[in-house]
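Okay, here's what each chain looks like letter by letter:
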Amino acid sequence: MTLVAGIDSSTQSCKVVIRDADTGALLRIGQAPHPDGTEIHPEAWWLALMSAIEMAGGLSDVSAVSVGGQQHGMVCLDAQGDVVRPALLWNDLRSADAATELVAEHGAAFWADAVGSVPLASFTVTKLRWLATHEPDAAARTAAVALPHDWLTWRLSASPELAHLVTDRSDASGTGYWSPTTGEYRFDLLESALGHEAIVPTVLGPSVVAGHLPSGQLLGPGAGDNAAAALGVAAGRGDVVVSIGTSGTVFAATTTPTADKTGIIAGFADATGGFLPLVCTLNAARVLATTARLLGVDIEKLSQLALSADPGADGVVMVPYLEGERTPSRPTATGAVHGLTLANATQPNLARAAVEGMLCGLADGLDALVREGVPVTRVLLVGGGARAEAVRRIAPTVLGCPIAVPPPGEYVADGAARQAAWVQTGTLPDWRTENTETFDATPVPAIRARYADARDQFLSQLN
């Protein structure tokens, strides 16, 4: 039996899965937490990875390893390969003004054509501009710029040379200075943001050997978390994945690139050689956790409360911008509850409004993909938030289409493991996902309409 390992270095934790390369059968798993915050020293990721590997029984019996990781994070290295400053994560919004500045310098259409996406505060290029403006000494010391999964792959290879940094198409496409259409870096945009030239990782194809562990195991090129999740659920052409984790994402596997000049859709690459148009919201599963805490219940009880309320929550609407928002781009926004009356101010209605509000933001993302011409034949609902029964049952009502829910899994780590098997064997394995649950659609258009009214009223007050 040939074993492979997949790693998911996410915002909140590191997970390691050990799977049979032929069948995909899960054999072992390990997990370790990451510190809270939007600014993390990469060494914390390394320590968590070592703990998760140990919990998973080690890597001595595996043949190949691959790393999936949170996108966009800025890891700055000096000429000796040392970390210059703690990494700014995708959800660190201090670079919002830098994003506005960069878009204003060239125009949204320029960015969409150049790199497939209009920069937002989450993108690496905006964080580099923030660094150059606010920490010029740190910017001057920066000799190389990597992403979280790049840095972990580099550390696993035990290669101290910056020239050995590697990445993949999916993660490179989220930097704001690499084009998924041309397959080339835009060094002019990188230099404009940082203020000088810098080494960047070599972009590898999806099944290219990226290096070796000191003990000889193959290293895959890795992937950004969403692209790895698409691999993990075996998303094919026509599949749209709605993932509810720390962030909420709506993405599809396509054969053609996108260049959305509105900035709603990020024109990313996937981990198979294709493309992954994606819409991201900052507020997803933590909307549920926060509402549960507010009501003094756990997630299971929150689900029960939400399902005991009528669709539409008797007019209560939550605009859940609890951490600002990325789609629409309102990094300084806060959340709001609309429509409260003496009669409808109940725990079930507030619980239902939280679930519906979170899903309405994702439904807006699905609409954006459809408008861009992305084909939709199936919607897959994944992520930690999908484990809540209320989310699974209410999603078809809000999204307006049937939902397929694969069994709970670590799909980013699973996708990384599937890539590792691809690197090992030369063939992308067909790991079947069994016991997928399907929920039929019973659309209630009034939910989306009320949400849109509340959202637009709220946003007009911010402008």
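Here goes a summary of the coordinates provided. These figures come from a predicted structure and were not determined experimentally.

**Considerations on the packing of aromatic side chains**
- Taken as a whole, this structure holds 5 aromatic pairs when the rule is applied.
- Judged by centre distance (5.9 Å) and plane angle (85°), the rings of F110 and W111 are edge-to-face.
- Between Y177 and Y185 the ring centres are 6.3 Å apart and the planes differ by 25°, which places this aromatic pair in the stacked class.
- Taken together through their ring pairs, the aromatic side chains of Y177, Y185 and F187 make up a single cluster.
- One residue, R94, lies across the ring of W130, its end atom 5.1 Å from the ring centre.
- The ring of W46 is capped by R155, whose NZ or CZ atom sits 4.3 Å from the centre of that ring.

**Structural notes on the side chain of D8**
- Checked against the element boundaries, D8 lands in strand β1 (residues 3-9).
- A relative accessible area of 6% places D8 in the buried class.
- Ignoring sequence-local partners within four residues, the contact set of D8 consists of S13, C14, K15, G68, V412 and A413.

**Focus on unusual backbone geometry**
- Backbone torsion omega between T327 and P328 reads 5°, so that peptide bond is classified as cis.
- Along the chain, the position of P328 falls in the loop between β20 (317-319) and β21 (336-338).
- The residue A158 is not glycine, and still its phi comes out positive at about 55°.
- Look at D314: it is not a glycine, yet its phi comes out positive at around 55°.
- Within the secondary structure, D314 is located in the loop between α11 (299-308) and β20.

**Some thoughts on the environment of F268**
- Inspection of the secondary structure assignment puts F268 in strand β18 (residues 266-269).
- The exposure class of F268 is buried, given its relative accessible area of 2%.
- In the structure, F268 is positioned 11 residues away from V279 in sequence and 10.0 Å away in space, judged by C-alpha atoms.
- Not counting the four nearest positions on each side in its chain, F268 is found in contact with Q71, H72, S117, F123, S173, G174, F275, L276, P277, L278 and R326.

**Brief notes about the nonpolar core**
- Residues I244, L359, L381 and V391 are the most contacted members of the largest nonpolar core, which totals 56 residues.
- It is helix α12 (residues 347-371) that provides the largest number of residues to this core, a total of 13 residues.
- Setting aside residues up to four positions removed in sequence, L359 forms contacts with I244, V391, I394, A395, V398 and L399.
- Counting residues in each nonpolar core, the second largest holds 50 residues, with L131, A228, L380 and A404 among its members.

**Focus on the packing of helix α1 (residues 42-55) against helix α6 (residues 148-157)**
- It is at 11 Å that the axes of α1 and α6 come closest, and there the two elements cross at 60°. Relative to α6, the element α1 is oriented oblique. Relative to α6, the crossing made by α1 is right-handed. Packed against α1, whose contacting residues are P42, E43, W45, W46, L49 and M50, the element α6 presents P148, W151, L152, R155 and L156 at the interface.
- The residue makeup of the contact of α1 with α6, split by class, is 9 nonpolar, no polar and 2 charged.

How each quantity is defined
Residues numbered from 1 in each chain as written. Predicted model: local features only at pLDDT ≥ 70, side-chain atom pairs only at ≥ 80, totals over all residues. Heavy atoms only, no water. Phe/Tyr/Trp six-rings, centres within 6.5 Å; stacked < 30°, edge-to-face > 60°. Lys NZ or Arg CZ within 6 Å of the ring centre and 35° of its normal. Helix = DSSP H or I, 4+ residues; strand = E, 2+ residues; numbered from the N terminus. Buried < 20%, exposed > 50% of the residue type's maximum accessible area, 1.4 Å probe, protein only. Contact = heavy atoms within 4.5 Å. Core = buried A, V, L, I, M, F, W, Y, C linked by side-chain atoms within 4.5 Å. Axes fitted to C-alpha atoms, helices over the stretch in contact; angles between N-to-C directions. Parallel < 35°, antiparallel > 145°, perpendicular 65-115°, else oblique. Left-handed = near helix turned anticlockwise from the far one by under 90°. Nonpolar A, V, L, I, M, F, W, Y, C, P; charged D, E, K, R; others polar.

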